[in-house]
Amino acid sequence: YRNQTGVQRGSVMDMPLYPGDPLTPGVGAVAGAHRLAREAAKTITKIPVLPISYGDAQPLLAAIRGRPAPRQWQGGLPITYHIGPSAARVHLRVQSDWNMVKLYDVIVRIPGSVAPDEWVIRGNHHDAWVNGAEDPISGQVALMEEARALGDLLRQGWKPRRTIIYSAWDGEEEGLLGSTEWVEAHADELRTKAVAYFNTDTNGRGYLGMEGSHSLERFINEVAQDITDPETGLTVWKRAQLRQIQESNQKDRQEARQRADLRIGALGSGSDFTPFLQHIGIASLNLGYGGEDGGGIYHSVYDDFHWFTTFSDSSFVYGRALAQTVGTGVIRLADAPMLPFEFRNQAETFGGYVDELKALLKERQESVRERNQQIEEGVPAASEDPRQPRARPDTLEVPPFLNFAPLENAIERLTRSAGHFEDMHQKLGDSLGTGVDFSRVNALLIRTERTLTDSAGLPSRPWFQHQIYAPGFYTGYGVKTMPGVREAIEQRQWDEAQRQIARVSAVFLAEAELLDQAAKLLNRD
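What you see is a predicted model; the values in this text were computed from it and never measured.

Student: Describe a nonpolar patch on the surface, with residues and values.
Tutor: On the surface, a cluster of nonpolar side chains totalling about 540 Å² of accessible area is made up of Leu50, Ile52, Leu60, Val90, Leu92 and Val94. Residue placement: Val94 occurs in the loop between α1 (54-62) and β1 (106-110).

This is the structure in structure tokens:
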């Protein structure tokens, strides 16, 4: 898709350790903040990195000699890829700017009329690598349109029940700087007051993408069922459902037809939801339209107004749809007497993650047994050159069985509690005048996502406190669900995996206890 001179810019800061200012991990980078020495900052890479085009990369790759690389390592350029070495020499000169500069977050606050200490937060970043028509301005203009519409409502006399905060973040591209530092600087208030965070970033033409906390899955499905898709005239929910039916396997097609709610994806990293969800434990959603272009302009000079208005959302109708989608969600969440969180879907999804972990362990066990059989039979590994002499390797240790019973029991308890809470909610309804003090119920619901965090954080990266969603340690933005357990299995750390099973089980039980308390407040019998 991209031409041979196109360059994709991007940060190589080691954000799976922590995002934000490398010198102030865990605290806001405000005046007087304690800062690490640059040499002590773990997220600044020690090896200089420079992005180049594939046109510039080709002669470097072509100069590498030695035996051909394995088939699965052969790339897409019209050359044979070799393993090395090479007689060629390359001189790379890197000049770095280590000056300190200010970031500018723009924050707008609409005070709540009934529950001013419950905050609904909406954000998009405003900085870009080059021109940034799609990333981030396509999302930022939708945010500005929402803010304009809310201003009109305020002039007509509307006042939101809860406080609404609109935020335009700076420094996202370099490492989620503006949002992370704001969250760290206001961490104590956010832990007490934040209800939810709505994030957008890029937007284009096509289908609604929904990712986020699964306690908000039903809520965002209901919003999507009330927004009209400008291309088809269907609801954006229906169009997303039809796409899933068309492009999925048989099992997922059947689920898309039969399940009341479309599943939303889990959040890894790569945008400003990260500090809200994964550091503080604030229920979050990441929303945007797309899927009808190849994305080849991403983070390049070609992401400009001409490209966007010629090949993407040429008449801005999906920008309008995004403003309608997120604006509707913000208003509904800000004005609901009782917060519209739902936990049956969440418990079902978490149970699926447990099944994935059990399947991962089984796959690793079977893979090692198969390889040991090959070793016994003298079959070389796929990456070995069969022409080279080799000593017979030792057989591998088969992964042991892990005790998943604590997780299974905790999921069963969470499922029961989620169902009981939902039954009480449906029986009572959520309108005022029921005799129930919704403020007490909401105080518990706000804490549900917090209970899925652990202040000790994940192994080797304490900044990431959420025990269910995190970017993988080695996968960049890609999500790892139940990362403490999953990555311990992947890295063959069996004792650590068993310890992480206990930790995740504990957060499930803590959330179940909160739901039991909330259900008790709703039960008037």
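Student: So what about the packing of aromatic side chains? Which residues, and what values?
Tutor: Overall, the coordinates contain 15 aromatic pairs when judged by the stated rule. Consider the rings of Phe198 and Phe219, whose centres lie 6.5 Å apart with planes at 65°: the pair is edge-to-face. With a gap of 21 residues between them, Phe198 in strand β4 (residues 194-199) and Phe219 in helix α6 (residues 217-224) connect regions that are remote in the sequence. Assessed through its relative accessible area of 1%, Phe198 is described here as buried. Classification of Phe219 by relative accessible area gives buried; the value is 4%. Through a chain of ring-to-ring contacts, the aromatic side chains of Trp169, Trp182, Tyr197 and Phe276 assemble into a single cluster. When the ring centre of Trp119 is taken as origin, the NZ or CZ atom of Arg109, which lies over that ring, is 5.0 Å away. The ring centre of Tyr207 lies 4.3 Å from the NZ or CZ of Arg239, which sits over that ring.

Student: Outline the packing of helix α15 (residues 483-490) against helix α16 (residues 494-522), supporting the account with residue identities and numerical values.
Tutor: At a minimum axis distance of 8 Å, the contact between α15 and α16 shows a crossing angle of 165°. With respect to α16, the element α15 is oriented roughly antiparallel. For the element pair α15 and α16, the recorded crossing hand is left-handed. On α16, the residues that touch Gly484, Val485, Ala488 and Ile489 of α15 are Trp494, Glu496, Ala497, Gln500, Ile501 and Val504. Grouping the amino acids of the contact of α15 with α16 by side-chain chemistry returns seven nonpolar, two polar and one charged.

Student: Which residues make up the pairing of strand β3 (residues 162-169), and what values go with them?
Tutor: Of all eight residues that make up β3, eight are buried, and the element is covered over most of its length. Bridge count between β1 and β3: five bridges; the pairing is antiparallel. Within β3, the residue paired with Val108 across the bridge is Tyr166. Across eight bridges, strand β2 (residues 115-125) lies against β3 in parallel orientation. Of the residues in β3, the one forming a bridge with Val120 is Ile164.

So, how was this worked out
- Residues numbered from 1 in each chain as written.
- Predicted model: local features only at pLDDT ≥ 70, side-chain atom pairs only at ≥ 80, totals over all residues.
- Heavy atoms only, no water.
- Patch = residues over 30% accessible without salt bridge, like charges linked within 9 Å, V, L, I, M, F, W, Y side chains within 5 Å.
- Areas by Shrake-Rupley, 256 points an atom, 1.4 Å probe, with all protein chains shown as cover.
- Salt bridge = Lys/Arg side-chain N within 4 Å of Asp/Glu carboxyl O.
- Helix = DSSP H or I, 4+ residues; strand = E, 2+ residues; numbered from the N terminus.
- Phe/Tyr/Trp six-rings, centres within 6.5 Å; stacked < 30°, edge-to-face > 60°.
- Buried < 20%, exposed > 50% of the residue type's maximum accessible area, 1.4 Å probe, protein only.
- Lys NZ or Arg CZ within 6 Å of the ring centre and 35° of its normal.
- Axes fitted to C-alpha atoms, helices over the stretch in contact; angles between N-to-C directions.
- Parallel < 35°, antiparallel > 145°, perpendicular 65-115°, else oblique.
- Left-handed = near helix turned anticlockwise from the far one by under 90°.
- Contact = heavy atoms within 4.5 Å.
- Nonpolar A, V, L, I, M, F, W, Y, C, P; charged D, E, K, R; others polar.
- Pairing = 2+ DSSP bridges.

Just geometry here; none of it tells us what the structure is for.
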